[in-house]
There are 2 protein chains.
Amino acid sequence: MTVRERTEESSPRANTRKPTMADVARHAGVSLKTVSRVVNQEPHVRASLRQRVQTSISTLGYRRNEAAARLARGATMLTLGLVMENISNEFYSRLAAAVEAASAEHEALVVFGSYEESPDKERMLIESMYTRGVDSLIVVPSAADHAWLAGHASLTTVFVDRVPLGLEAADVVMLDDVRGGRAATEHLLAGGHRRIGLISDDDGVSSVHDRATGYRQALRAAGVRADDALVVRGVFDPWRVSYEVGRLLDLADPPTAFFATNNRAAIGILHALRERPERPAYVGFDDFALAGVFNPGVTVVRYDVTHLARSAVDLLLHPSQEPRRVKVPVELVARGSGELPPS
Amino acid sequence: MTVRERTEESSPRANTRKPTMADVARHAGVSLKTVSRVVNQEPHVRASLRQRVQTSISTLGYRRNEAAARLARGATMLTLGLVMENISNEFYSRLAAAVEAASAEHEALVVFGSYEESPDKERMLIESMYTRGVDSLIVVPSAADHAWLAGHASLTTVFVDRVPLGLEAADVVMLDDVRGGRAATEHLLAGGHRRIGLISDDDGVSSVHDRATGYRQALRAAGVRADDALVVRGVFDPWRVSYEVGRLLDLADPPTAFFATNNRAAIGILHALRERPERPAYVGFDDFALAGVFNPGVTVVRYDVTHLARSAVDLLLHPSQEPRRVKVPVELVARGSGELPPS
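About the cut-offs
- Residues numbered from 1 in each chain as written.
- Chains lettered and ligands numbered in written order.
- Predicted model: local features only at pLDDT ≥ 70, side-chain atom pairs only at ≥ 80, totals over all residues.
- Heavy atoms only, no water.
- Axes fitted to C-alpha atoms, helices over the stretch in contact; angles between N-to-C directions.
- Helix = DSSP H or I, 4+ residues; strand = E, 2+ residues; numbered from the N terminus.
- Parallel < 35°, antiparallel > 145°, perpendicular 65-115°, else oblique.
- Left-handed = near helix turned anticlockwise from the far one by under 90°.
- Contact = heavy atoms within 4.5 Å.
- Expected span 1.5 Å × (residues − 1).
- Buried < 20%, exposed > 50% of the residue type's maximum accessible area, 1.4 Å probe, protein only.
- Polar contact = N/O pair within 3.5 Å; in protein donor to acceptor, adjacent residues only side chain to side chain.
- Pairing = 2+ DSSP bridges.
- Phe/Tyr/Trp six-rings, centres within 6.5 Å; stacked < 30°, edge-to-face > 60°.
- Lys NZ or Arg CZ within 6 Å of the ring centre and 35° of its normal.
- 1 Å grid on protein atoms, 1.4 Å probe; cavity = no way out; pocket = protein on both sides within 12 Å on 5 of 7 lines; lining within 4 Å.
- Points joined across faces, edges and corners; volume = space filled by probe spheres on them.
- Nonpolar A, V, L, I, M, F, W, Y, C, P; charged D, E, K, R; others polar.
- Domains from an automatic or database assignment.
- Buried area = accessible area lost by both parts, 1.4 Å probe.
- Salt bridge = Lys/Arg side-chain N within 4 Å of Asp/Glu carboxyl O.

Chain A goes by LacI family transcriptional regulator in an unreviewed UniProt entry, where it is assigned to Nonomuraea diastatica.

Looking now at the packing of helix H2 (residues 21-28) of chain B against helix H4 (residues 47-60) of chain B. Residues and elements named next belong to chain B. At a closest axis distance of 9 Å, the pairing of H2 and H4 adopts a crossing angle of 120 degrees. By the angle between their axes, H2 is oblique relative to H4. Between H2 and H4 the crossing geometry is right-handed. Across the interface between the two elements, Asp23, Val24, His27 and Ala28 from H2 touch Arg52, Val53, Ser56, Ile57, Thr59 and Leu60 from H4.

Right, let's get into helix H6 (residues 90-104) of chain B. All names here are of chain B. With 15 residues, H6 extends 21 Å between its outermost C-alpha atoms, agreeing within 8% with the 21 Å of an ideal straight helix rising 1.5 Å per residue. Here H6 lies mainly inside the structure; eleven of its 15 residues are buried. Taken residue by residue, H6 has Phe91, Tyr92, Ser93, Leu95, Ala96, Ala97, Ala98, Val99, Glu100, Ala102 and Ser103 as its buried positions. Of the residues that open H6, the one with a side-chain oxygen 2.8 Å from the backbone nitrogen of phenylalanine 91 is asparagine 89.

The next subject is H2(B). Residues and elements named next belong to chain B. Within H2, burial applies to Asp23, Val24, Ala25 and Ala28. If you follow the buried residues of H2, they end up packed against helix H3 (32-39) and H4. Phi turns positive, to about 70 degrees, at glycine 29, one or two residues after H2.

Residue and element names in this part refer to chain A. The mixed open sheet is built from six strands, whose spatial order is E7-E6-E8-E9-E10-E12. Edge positions in the open sheet fall to strand E7 (231-232) and strand E12 (331-333), since each of these has one partner strand only. Sheet topology note: the strand E10 (residues 299-302)/E12 ladder contains three bridges and is antiparallel. Within E12, the position partnered with valine 300 by the bridge is valine 333. This element, helix H9 (residues 206-221), spans strand E6 (196-199), E7, strand E8 (257-260) and strand E9 (281-285) of the sheet and lies at about 170 degrees to E6.

Enumeration over the complete set of coordinates arrives at six aromatic pairs over all chains. With centroids separated by 4.0 Å and ring planes inclined at 5 degrees, the aromatic side chains of A:Phe294 and B:Phe294 adopt a geometry described as stacked. Of this pair, A:Phe294 sits in the loop between E9 and E10 while B:Phe294 sits in the loop between strand E9 (281-285) and strand E10 (299-302), on two different chains. The same class applies to A:Phe294 as to B:Phe294, namely buried. When the ring centre of A:Phe285 is taken as origin, the NZ or CZ atom of A:Arg211, which lies over that ring, is 3.7 Å away.

Here the focus is the layout of surface pockets. To find leftover empty space, one rolls a probe the size of a water molecule over the atoms. For the largest pocket, the calculated volume is near 1500 Å³. Taken together, 49 residues form the lining of the largest pocket, with A:Ser88, A:Glu90, B:Glu90, B:Ser93 and B:Ala289 sitting closest to its centre. Among the elements of the structure, helix H6 (90-104), helix H10 (238-249) and helix H11 (263-274) of chain A together with H6, helix H10 (238-249), helix H11 (263-274) and helix H12 (305-317) of chain B are those that each provide at least two residues to the lining of the largest pocket. Here the lining of the largest pocket is composed, by residue class, of 19 nonpolar, 14 polar and 16 charged.

Our focus in this paragraph is the environment of B:Glu122. Residue and element names in this part refer to chain B. For glutamate 122, the position within the fold is in helix H7 (residues 119-131). Apart from residues lying up to four places away in sequence, glutamate 122 is in contact with Val83, Tyr115, Val139, Val140, Pro141, Ser142 and His146. Separated by 2.7 Å, the side chains of glutamate 122 and serine 142 make a polar contact.

Residues and elements named next belong to chain A. Domains assigned within chain A are domain 1 (4-66), domain 2 (75-174 + 305-326) and domain 3 (177-304 + 332-339). Between the C-alpha centres of domain 2 and domain 3 the distance comes to 28 Å. Across the boundary between the two partners, domain 2 contributes 15 residues, which contact 17 residues of domain 3. When domain 2 packs against domain 3, close to 1200 Å² is buried across both sides, 43% of that on carbon and sulfur atoms. Per-residue buried area on domain 2 facing domain 3 is highest for Glu90, Phe91 and Ala143; these three make up 27% of the total on that side. At the junction of domain 2 with domain 3, the criterion picks out two salt bridges. The salt bridge partner of arginine 264 is glutamate 85, with a shortest N-O separation of 3.3 Å. For the interface between domain 2 and domain 3, the tally reads eight residue pairs in polar contact (both at pLDDT 80 or more). Those elements that place two or more of their residues in the side of domain 2 that touches domain 3 are H6 and helix H12 (305-317). Counting residues per element, the side of domain 2 that touches domain 3 draws most heavily on H12, which supplies four residues. In the side of domain 2 that touches domain 3, the residues fall into six nonpolar, three polar and six charged.

Pasting the structure below:
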């Protein structure tokens, strides 16, 4: 049944109090018990009575409380929980929009919550959703241990973007992060760069870690020595990134290019370059709406966020005993910033 | 009780199956009925039995299904519905983050949904949330008539950003849009501009309409004739805005400045100016994360989105028979684009 059908079926009459089961009983001249039996499709109701009740139901526009009925039947509420770091970050708002769209295809609604950078808040959120009856979760996990989730046998959880620590048997939909990190770095190497800085946040997070691995693989394959002086780790906000980029550009032997492992890092580079005369090349990871509006446009490693979200929802709806890993492909989009020559 | 307290209280034991009411009964050596009575705080249970059951509950870490229990008691689920145009638009993702934070202060979770530009989808979403037991809604309404919502007597709805058509008695939290439009236009007039273009989307939406009213008020107060040739209405996406801006700049007597009534319109101007030699001044409405990274930075009319969200949640939690209107103040932030001189 599609969402549209469901809604039309349950469309309320305007400007009337919502009719109750008691109203239906009164209108049909039968007992409440009989109405309840008809509504719940129980057997042993005479056909003529059933007909009378159904006529009253449609005349009054009665609709039972679906949520209560579902819970009473022990059925799963089609409400997914989406737990993320921060929905105001564009990576997460795009993901949320895509998860919402993918869920709507299955008539599911989405409850969301942000844990900022706090594993405690992440756990509280999940507990809170669970307490309200949400038993299907899509989680972009924090860097903390998630072993405690194994205790929630009735929670179906799919992780997105990052492999959760401490949960061997988890379903995860991830990006092809190693390949993305390699592609970004190879692109800069192909442009003649040899001193390539890495701007990265928490590499306790698997995706960040894997992107950095791709960066090192590409350098090694090209015979370029990885220089730890050009690597910045654990920076989260664009202002901090901006400061670190300035610091690297002030080195005696500065980088001529940067690989930014996420959108915040790329935006931090944009901040830094507003104030600097240098024009280093850079490639970001994660596309963002304004990437093409800057001059030069921002070259990024991107992926289909709809693919990411659909895969997660599919895994949720088809649980398996075997842990599954889905890898979403990535591609490099050249827009100008990644094609600047070494200076 | 704070969220933190609740979560600690209900923290599950890791790596164990979730204990059921039957487990508690077995452990305490009492009947299921007795456990149920204790859990539901019914009278007529001997103090010694009550004590025994409570000891078993804490030993096993039993937690009843709160959602089912709440519904069974007929209590309101503390889950708010948030209905918006599109969460991947930065205005909405900021609003969603703020609504989530304001809701968390009251232990409420947020279900969200986007209706894109479809009033049918908006109605489906609201119906769908209602069917699942959500009876508290925050809605950024589409331009369509919302009289049908009056039929949902049990839905508590607060509208945000826009006054809904066809619902006289609605609670609305809005921005001071007229003042914002006036402030933006006065700022450009003070910079010496006389030919000021207006880039606007659907003015069937009250906020857009009011911002345009502020623009016209400021022109009139300054004795500047409003020129309809400089007004673009009904453009939604940045690409279309970009085209229209180019068209205005090609006029024989082009505008030297623009007022963009929302973030998409301002971003459309940014797109257009990438390709053009002119440097018109412009002021946007709605702040966005990258507004300060462009060169010049984007001058905008901004407001405290936390204030907007908190006001909406407060109205939801304190329903009143009297319809209420809350106006959130706005301010102009000069960053460069609004201070460019007429050419």
